[in-house]
Amino acid sequence: MTVVIATQLRPERLSYLEEMHASLTRQTVPWEAVLVLDGADPEHVPAPIAADPRVRVLALPRPVGAACARNLGLTEVRTEFVNWADDDDVFPDWSLGVRLETFSDRLGWVAGWSEDWLPDGSTRLWECPVPPGHHEAGDVVTYWPRPQDTIPIGPTTILARTRLVRAAGGMGGLVQGEDYMAAVGVTALAPGVLLPLPVYRYRKHAGQMTRGTTYDDLELAARRHAHAFGHGLRNTFVARAA
């Protein structure tokens, strides 16, 4: 499986990126990673990561934004399964293994809950609106009734078949909320399972890139677009099956 991580290698986030990499080294199953540099200098990749043969660096010649960087990273994936990750978060040691073991031939994705990792080192479990268990294709978006409601599932908690992620359009092309597109797209195209345990640790800190001063300017518009995309896919398949 491959973990795709987009980063701008900001100095204040390099230690976080090293912690993400360290969490990958503790996984119980083999993995690869594609580290996409969003306009950053490859010389600034931390030494332990640059020296790891499991990590392939894709250096983009100029900044293109998270959605485009991640999509270009997806093109480089050569394994059957893929998982998105941010450069400031970590995976629990069992994360990749427990989800991989859950797969059957019929499933396209396996996800779990996430934990908010607070500045004092404590964690807070986030149980997404989707209940644990098996879900048919298109079911997940039904737990997102309005764009302004809580998103139905954590995008970075989803381990999915690479061909499915590509068919769903990867991360779309939004300047924010692109991961909403990834979540509803993948879960609309194939059945999957949500495990009732945390598989991703989401770091809360002052430098989070998704919470800049202009965050609220486009958030609802991004949500409306992803919401319409997910429900549109579901409605299309429901109509074809009728």
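Just so you know, these numbers come straight off a predicted model, no measurement behind them. (Residues numbered from 1 in each chain as written. Predicted model: local features only at pLDDT ≥ 70, side-chain atom pairs only at ≥ 80, totals over all residues. Heavy atoms only, no water.)

With that settled, the discussion passes to empty space enclosed by the protein. Think of a ball as big as a water molecule: rolled over the atoms, this probe shows where empty space is left. Within the structure shown, the criterion is met by two cavities of 30 Å³ or more. Reported here for the largest cavity is a volume of approximately 60 Å³. If you go around the largest cavity, the residues you meet are V82, N83, W84, P155, I158, A160, V165, A182, A183 and V186. Going through the elements one at a time, strand 4 (81–86) and helix 6 (178–189) are the ones with two or more residues in the lining of the largest cavity. Each residue belonging to the lining of the largest cavity can be placed in one class, and the counts come to nine nonpolar, one polar and no charged. Taken together, I5, L17, M20, H21, L24, A33, L35, I49 and V55 make up the lining of the second largest cavity. Of all the secondary structure elements, the ones that give two or more residues to the lining of the second largest cavity are helix 1 (14–25) and strand 2 (32–37). The element contributing the most residues to the lining of the second largest cavity is helix 1, with four residues. (1 Å grid on protein atoms, 1.4 Å probe; cavity = no way out; pocket = protein on both sides within 12 Å on 5 of 7 lines; lining within 4 Å. Points joined across faces, edges and corners; volume = space filled by probe spheres on them. Helix = DSSP H or I, 4+ residues; strand = E, 2+ residues; numbered from the N terminus. Nonpolar A, V, L, I, M, F, W, Y, C, P; charged D, E, K, R; others polar.)

All right, on to the pattern of salt bridges then. Enumeration according to the criterion identifies 16 salt bridges in this entry. For E80, the salt bridge goes to R161, with nearest N and O atoms at 2.5 Å. Here R161 lies in strand 8 (residues 159–161) and E80 lies in the loop between helix 3 (66–75) and strand 4, a separation of 81 residues in the sequence. The partner of E115 in a salt bridge is R201, and the shortest N-O contact between them spans 3.1 Å. Pair noted here: E115 is in strand 5 (residues 109–117) and R201 is in strand 9 (residues 192–203), with a separation of 86 residues, a long-range link. E115 sits in the buried class, given a relative accessible area of 12%. (Salt bridge = Lys/Arg side-chain N within 4 Å of Asp/Glu carboxyl O. Buried < 20%, exposed > 50% of the residue type's maximum accessible area, 1.4 Å probe, protein only.)

Summarising the element assignment, T187 is placed in helix 6. Not counting residues up to four positions away in its chain, the partners in contact with T187 are W109, E136, A137, G138, V140 and I158. (Contact = heavy atoms within 4.5 Å.)

Count 3.6 residues to each turn of an α-helix, and residues three or four apart come out pointing the same way. Residues A67, A69, R70, N71, G73 and L74 constitute the buried set of helix 3. Of the surrounding elements, those touching the buried residues of helix 3 are strand 1 (2–7), strand 2, strand 3 (55–59), strand 4, helix 5 (162–167) and helix 6.

Negative phi values dominate among residues other than glycine, just as trans dominates among peptide bonds. A positive phi angle, close to 50°, is found at L9, a residue other than glycine. Structurally, L9 is set in the loop between strand 1 and helix 1.

Summed over the entire model, instances satisfying the criterion amount to three aromatic pairs. Taking 4.6 Å as the distance between ring centres and 55° as the angle between the ring planes, the aromatic pair formed by F81 and F103 counts as tilted. Here F81 is found in strand 4, whereas its partner F103 is found in the loop between helix 4 (95–102) and strand 5, with 22 residues between them in sequence. Taking the relative accessible area as the measure of exposure, F81 reaches 8% and is therefore buried. With a relative accessible area of 14%, F103 lands in the buried category. For the ring pair F91 and Y200, a centre distance of 5.3 Å and an interplane angle of 80° mean the geometry is edge-to-face. Of the two residues, F91 is situated in the loop between strand 4 and helix 4 and Y200 in strand 9; the sequence distance between them amounts to 109 residues. (Phe/Tyr/Trp six-rings, centres within 6.5 Å; stacked < 30°, edge-to-face > 60°.)

This part is about the environment of L9. For L9, a relative accessible area of 6% translates into the label buried. Taking the C-alpha atoms as reference points, L9 and D120, separated by 111 residues in sequence, lie 24 Å from one another. Not counting residues within four places of it along the chain, the set of residues in contact with L9 comprises L14, L17, L37, A40, D41, H44 and V45.

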